[in-house]
Amino acid sequence: MTEPSVPISATNIPRRKAAEVHSLLEALISKREQEISDIEQMVERYERRLRLEEQAYRSMSTLRRILSGKKPDHHLALEYIHYVKKPMEKVRMLRLEVANYQAMLAGNIPADVTALNT
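Note that the coordinates shown come from a computational prediction; the quantities given were computed from them, not determined experimentally. (Residues numbered from 1 in each chain as written. Predicted model: local features only at pLDDT ≥ 70, side-chain atom pairs only at ≥ 80, totals over all residues. Heavy atoms only, no water.)

Draft legend 1. How the structure looks around the pattern of salt bridges. Under the criterion given, the structure shown has nine salt bridges. For Arg32, the salt bridge is made with Glu35, and the minimal N-O distance between the two is 3.3 Å. Of the two residues, Arg32 and Glu35 both sit in helix α1 (residues 12-59), three residues apart, roughly one turn of that helix. Taking relative accessible area as the criterion, Arg32 reaches 10% and is therefore assigned buried. The shortest N-O distance in the salt bridge between Glu54 and Arg58 comes to 3.0 Å. A residue pair is termed a helical-turn pair when its members lie 3 or 4 positions apart in one helix, as Glu54 and Arg58 do in helix α1 at four residues. Three or more residues joined by partner-sharing salt bridges are found here, namely Arg49, Glu53, Lys71 and Glu79. (Salt bridge = Lys/Arg side-chain N within 4 Å of Asp/Glu carboxyl O. Helix = DSSP H or I, 4+ residues; strand = E, 2+ residues; numbered from the N terminus. Buried < 20%, exposed > 50% of the residue type's maximum accessible area, 1.4 Å probe, protein only.)

Here it is as structure tokens:
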């Protein structure tokens, strides 16, 4: 009476765990790729805005340019670091992470579940 009605095969358990890890890896890869595309779009929007501002500044008359002024170079450098350099570093790190997950999917690297939870 304590016997299960459907026998549980010992070979199904590792296959099920492998399928769970496989689906987890695929979900992580898609999530990281979405983050990468979001960051790249943000950088693209910033660069487009910067080009438009520069174009508007150049189209002004000389008197208006003198009166309006331009952002100092160090402000532009800080904006570049904040809006372009640091996000692109994060993109590089995410791409390395995605490559690592894809290697795990391919079986080149053993999939360690504890490393995936971070």
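On we go from here.
Draft legend 2. Region of the structure containing the packing of aromatic side chains. By the definition in use, this model includes one aromatic pair. Where Tyr46 meets Tyr83, the ring centres are 4.9 Å apart and the plane angle is 15°; that geometry is what we call stacked. In this pair, Tyr46 is assigned in helix α1 and Tyr83 in helix α3 (residues 73-106), connecting sequence segments 37 residues apart. On the accessibility criterion, Tyr46 (5% relative accessible area) is buried. The positively charged end of Arg49 is found above the aromatic ring belonging to Tyr83, 6.0 Å away from the centroid. Above the ring of Tyr57, the side-chain terminus of Arg65 is found at 5.9 Å from the ring centroid. (Phe/Tyr/Trp six-rings, centres within 6.5 Å; stacked < 30°, edge-to-face > 60°. Lys NZ or Arg CZ within 6 Å of the ring centre and 35° of its normal.)

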